[in-house]
There are 2 protein chains.
Amino acid sequence: MAYFRSNIEAAAGYVPGFQPENPDVVKLNTNENPYPPSPKVLEALAAIDPEKLRRYPRPLGDEFRKSAAAVLDVKPENIICTNGGDDLLTICLRSFCDGGRPLVYASPTYTLYRVLAQIQDCRVIEVPFTDKGGLQTEQLASQNAGMVIVCNPNAPTGAFIPPAQIEELAQKLNGRSVLLVDEAYVDFAEDNCVSLVKKYNNVIILRSMSKGYSLAGIRFGFGIADESLISGMLKVKDSYNVDTLAQTAANAAIQDRQYFKKNVAGIIEQREWLAQQLRGLGFDVPQSSTNFLFVKPAGGDAETIYKKLCDKNIYVRYFSDPEISERLRITVGTARQNEKLIEALKNIL
Amino acid sequence: MAYFRSNIEAAAGYVPGFQPENPDVVKLNTNENPYPPSPKVLEALAAIDPEKLRRYPRPLGDEFRKSAAAVLDVKPENIICTNGGDDLLTICLRSFCDGGRPLVYASPTYTLYRVLAQIQDCRVIEVPFTDKGGLQTEQLASQNAGMVIVCNPNAPTGAFIPPAQIEELAQKLNGRSVLLVDEAYVDFAEDNCVSLVKKYNNVIILRSMSKGYSLAGIRFGFGIADESLISGMLKVKDSYNVDTLAQTAANAAIQDRQYFKKNVAGIIEQREWLAQQLRGLGFDVPQSSTNFLFVKPAGGDAETIYKKLCDKNIYVRYFSDPEISERLRITVGTARQNEKLIEALKNIL
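The rules behind each value
- Residues numbered from 1 in each chain as written.
- Chains lettered and ligands numbered in written order.
- Predicted model: local features only at pLDDT ≥ 70, side-chain atom pairs only at ≥ 80, totals over all residues.
- Heavy atoms only, no water.
- UniProt positions renumbered as here; feature names shortened; annotations may be inferred.
- Contact = heavy atoms within 4.5 Å.
- Axes fitted to C-alpha atoms, helices over the stretch in contact; angles between N-to-C directions.
- Helix = DSSP H or I, 4+ residues; strand = E, 2+ residues; numbered from the N terminus.
- Parallel < 35°, antiparallel > 145°, perpendicular 65-115°, else oblique.
- Nonpolar A, V, L, I, M, F, W, Y, C, P; charged D, E, K, R; others polar.
- Disulfide = S-S within 2.5 Å.
- Pairing = 2+ DSSP bridges.
- Core = buried A, V, L, I, M, F, W, Y, C linked by side-chain atoms within 4.5 Å.
- Buried < 20%, exposed > 50% of the residue type's maximum accessible area, 1.4 Å probe, protein only.
- Domains from an automatic or database assignment.
- Buried area = accessible area lost by both parts, 1.4 Å probe.
- Salt bridge = Lys/Arg side-chain N within 4 Å of Asp/Glu carboxyl O.
- Polar contact = N/O pair within 3.5 Å; in protein donor to acceptor, adjacent residues only side chain to side chain.
- Phe/Tyr/Trp six-rings, centres within 6.5 Å; stacked < 30°, edge-to-face > 60°.
- Lys NZ or Arg CZ within 6 Å of the ring centre and 35° of its normal.
- Least-squares fit on C-alpha atoms with pLDDT ≥ 70 in both.

The subject of this paragraph is the UniProt feature "modified residue: N6-(pyridoxal phosphate)lysine" (unreviewed entry) in chain A. Here, UniProt's "modified residue: N6-(pyridoxal phosphate)lysine" (unreviewed entry) annotation points to Lys211 of chain A. When sequence neighbours within four positions are dropped, the list of residues in contact with lysine 211 of chain A reads Thr30, Asn31, Asn33, Ala184, Tyr185 and Phe188 of chain A together with Tyr56 of chain B.

In structure tokens form, the structure reads like this:
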């Protein structure tokens, strides 16, 4: 049977993190926010007119665009709403990459990029970070890319590249290739690259409501870019890609600035506590600008620790990819969850 | 600037039907169901644990798959959940079509097929229906298609092709090309093609919760096919393409069989009343197996009638495409809405 295109036939597909059914587990494996979303989200969902369920959603998510534009100091026309950040990645791959226009990215990074390139049947060029964790700007810029991606802060390492370095890359690529800065985790970082959108018409910023806003369940992401890029990308997105309930929830969440700041501050505090504890247990814990830590156990056997934690109903993320198989990616949980993890690790080690 | 691929640069994009903001209009232009969704949907949404909002959704929509499988007498593994039916179309285009594998469909039909083919950069071959509205089976089957689509019942004509004709096409294509039967409107028809899935491993049935279940606002569609096709398509779909709220709403809706049957019966009754009234006003009204009528005014000037209805805050759909520009597509509304339309038309004519 050869119904499928050969690149799809050959693809393994993306394997999302394990989603255990048991609600009592300590789930630190898929970078969800451990705190609930703003109470304003629940209020907004409860207040939805049932009439809106039977009607098609707003194609462009106008209300969210206005709210996000106000928060980010851009225009609504600079924003595209997407069905999670991953939908924006797919839209960009389909807009900018193909057989003659490769995807280039700084690596190691989010493994979905490679999977999406295979579906789009475009070549992938991975450019390693420097030993100090910086960008190889010249190499990233000289590949005739359809699109270059820098995940910042990066997953799964948690490291943050200073915006000045990203700007240098944007400048080199300008007029030739698009630069996507995947800021899915930027809510936990010290800075961001939104201001580049006003200076460079080739920069796209990816944002997500899944992490800082505790809304992974509703699938809402968005892109920020020059109007010329947004209007082209709107042709590629599905007409009604974001449903009415998700639009309502995302809009309520982004407007509640006070809750957002408290939520993020709580996670950063816990992140620093957890990092300190893990260092105390002999782990190598690089600084993180995200809601997770990418740690290396003193003994080196990440996989065994991962399995022993699973046995105790504590889930963290282990990647078998040899480049990163010595480490575990641990999502920052609530104080209670993080304490449980540290207790369990003390038992295991 | 040449950031975009040339096919995207050249694309016009899909123009969704006008969504007026004023809630008092009579909106018969985008084939939404005029009745609210099942009260069970609202109950299920109100009962959602806020904890579920912060967690990623079930990647495969397991609960919906089970419910739909029971209703349709197939296995959960025969079902793929999608972000509206349009998401399934995109997944199929990306799975089966490319530069060497054209998209073939019976036309005139849903204009999105052509738009999606342009984004996928694959050739389109349109095979007209016969004068009697049947399929040109031989021609559809002999194009070395990556995928053939038959929209059944068809949009915008409303006509229904007997499953035996579709089966003949499935058989001819088997082993070579996939056949997608777009049954977005089948809830209002007298029969369907689901049983073909068990006989032919190349048949995919598209279904939507937007029409018969009054849930256009939540974006939920699904595909039904042989497991071998479903497992390949799952590699192409986004990991978390359907959010938790939509999964919950769709699952509640498909389980409430009694409400569904009543809802659909009400629309069919109104459809027949509206058809009779329009015929009385001199319109040509072909039989419809959907929740809309595709009508031709006696005078012939569909565009003028469309505009005059807009002035009265009554919206129907007019397509400027010369092939179908003599007709209007009118969604069947509530009794009150349909009466208002008939009154308005009596004034206009």
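That shown, we press on.
This paragraph deals with the packing of helix α12 (residues 257-280) of chain A against helix α14 (residues 335-348) of chain A. Residue and element names in this part refer to chain A. Orientation of α12 relative to α14, taken along the N-to-C sense of each, is 10 degrees, at an axis distance of 10 Å. On the basis of their axis angle, the class for α12 and α14 is roughly parallel. Touching Gln270, Trp273, Leu274, Gln277 and Leu278 of α12 are Ala335, Asn338, Glu339, Leu341, Ile342 and Leu345, all from α14. A breakdown of the residues in the contact of α12 with α14 according to their chemical character gives seven nonpolar, three polar and one charged.

With that out of the way, let us pick up the state of the cysteines. According to the stated counting rule, one finds zero disulfides over all chains in the structure shown. Cysteine 92 of chain A takes part in no disulfide bond, and the closest cysteine sulfur to it belongs to cysteine 97 of chain A, at a distance of 8.7 Å.

For sheets, the rule is that strands pair by backbone hydrogen bonds, running either parallel or antiparallel. Residues and elements named next belong to chain A. Read across the open sheet, the three strands follow the order β9-β12-β11; overall the sheet is antiparallel. Because the sheet does not close on itself, it has two edges, and the strands there are β9 (292-295) and β11 (317-318). Bridging between β9 and strand β12 (residues 328-331) involves four bridges; their strand directions are antiparallel. Looking at β12, one finds that phenylalanine 294 is bridged to arginine 329.

Judged by nonpolar contacts, the single largest core of 112 residues is most densely connected at Met209 of chain A together with Met209 of chain B. Those residues in contact with methionine 209 of chain B that lie beyond four places of it in its chain are Phe64, Ser214, Leu215, Ala216, Phe220, Phe222, Ala250, Ala253 and Ile254 of chain B. Formed by 72 residues, the second largest nonpolar core is a distinct cluster that contains Ile91 of chain A together with Leu112, Ala155 and Leu180 of chain B.

Residues annotated by UniProt as "domain: Aminotransferase class I/classII large" (unreviewed entry) correspond here to residues 24-345 of chain A. Overall, residues 24-345 of chain A shows 41% helix and 15% strand. The separation of its end C-alpha atoms is 18 Å.

With respect to the element layout, threonine 331 of chain A can be found in strand β12. A residue is classified by how much of its surface remains accessible, and threonine 331 of chain A, at 1% relative accessible area, is buried.

With that out of the way, let us pick up the domain arrangement of chain A. All names here are of chain A. Looking at the assigned domains, one finds that chain A contains domain 1 (18-37 + 258-348) and domain 2 (39-255). Of note, the centres of domain 1 and domain 2, computed from C-alpha atoms alone, are 25 Å apart. Listed per partner, the contact involves 26 residues of domain 1 and 25 residues of domain 2. On the domain 1 side of the interface with domain 2, the three residues burying the most area are Pro37, Phe260 and Ser289, jointly 32% of the side's total. If you look at where domain 1 meets domain 2, you find zero salt bridges. In this assembly, domain 1 and domain 2 are joined by nine residue pairs in polar contact (both at pLDDT 80 or more).

The next point concerns the pairing of strand β5 (residues 147-151) of chain B. Residue and element names in this part refer to chain B. Extensive coverage of β5 is indicated by the burial of five of its five residues. On β5, burial covers both faces: Met147, Ile149 and Cys151 on one face and Val148 and Val150 on the other are all buried. The sheet contact formed by strand β3 (residues 103-107) and β5 spans three bridges and is parallel. In the strand pairing of β5, valine 104 is matched with valine 148. When β5 meets strand β6 (residues 178-182), the two strands line up parallel, connected through five bridges.

Let us look at the packing of aromatic side chains. Following the criterion strictly, the structure yields 20 aromatic pairs over all chains and no others. Ring centres of phenylalanine 64 of chain B and phenylalanine 222 of chain B lie 5.1 Å apart, and the angle between their planes is 65 degrees; this geometry places the pair in the edge-to-face category. Placement of the pair is phenylalanine 64 of chain B in helix α4 (residues 62-72) and phenylalanine 222 of chain B in strand β8 (residues 221-225), with a sequence separation of 158 residues. Grouped by ring-pair contacts, the aromatic residues Tyr14, Tyr105, Tyr110 and Tyr113 of chain A constitute a single cluster. Lying across the ring of phenylalanine 292 of chain A, arginine 329 of chain A places its NZ or CZ 5.7 Å from the centre.

Further remarks concern the environment of phenylalanine 188 of chain B. Residue and element names in this part refer to chain B. Mapped onto the fold, phenylalanine 188 is located in the loop between β6 and α9 (196-199). When its relative accessible area of 1% is taken as the criterion, phenylalanine 188 is described as buried. Separated by 139 residues in the primary sequence, phenylalanine 188 and aspartate 49 have C-alpha atoms spaced 34 Å apart. Excluding anything up to four places from it in sequence, phenylalanine 188 contacts Asn33, Lys211, Gly212, Val264, Ile267, Ile268, Arg271, Ser289, Thr290 and Asn291.

Between chain A and chain B, which share one sequence, the superposing operator has a rotation angle of 180 degrees and an axial displacement of 0.0 Å; the RMSD is 0.0 Å. Overall, the copies show the geometry of a two-fold rotation axis. Both copies present the same face, since 100% of the interface residues in chain A are matched by interface residues at the equivalent positions in chain B.

Let us look at the packing of helix α5 (residues 85-96) of chain B against helix α10 (residues 227-236) of chain B. Residues and elements named next belong to chain B. At a minimum axis distance of 9 Å, the contact between α5 and α10 shows a crossing angle of 100 degrees. Taken as axis vectors, α5 and α10 run roughly perpendicular relative to one another. Of the residues in α10, those touching α5 at Leu88, Ile91, Cys92, Arg94, Ser95 and Phe96 are Leu229, Met233 and Val236. Grouping the constituent residues of the contact of α5 with α10 by class yields seven nonpolar, one polar and one charged.

Across the boundary between the two partners, chain A contributes 78 residues, which contact 78 residues of chain B. Counting the surface lost from both chain A and chain B, the interface buries some 6500 Å², and carbon and sulfur atoms represent 53% of this. For the pair chain A and chain B, the interface holds two salt bridges. Put simply, arginine 5 of chain B and aspartate 98 of chain A hold a salt bridge, and the shortest N to O gap is 3.0 Å. For the interface between chain A and chain B, the tally reads 42 residue pairs in polar contact (both at pLDDT 80 or more).

Time to look at the environment of valine 295 of chain A. Residue and element names in this part refer to chain A. If you trace the backbone, valine 295 turns up in strand β9. When the C-alpha positions of valine 295 and tyrosine 306 are compared, they lie 12 Å apart, and in sequence the two are 11 residues distant. Once residues within four sequence positions are removed from consideration, valine 295 is found in contact with Leu278, Phe283, Asp284, Val285, Glu326, Arg327, Leu328 and Ile330.

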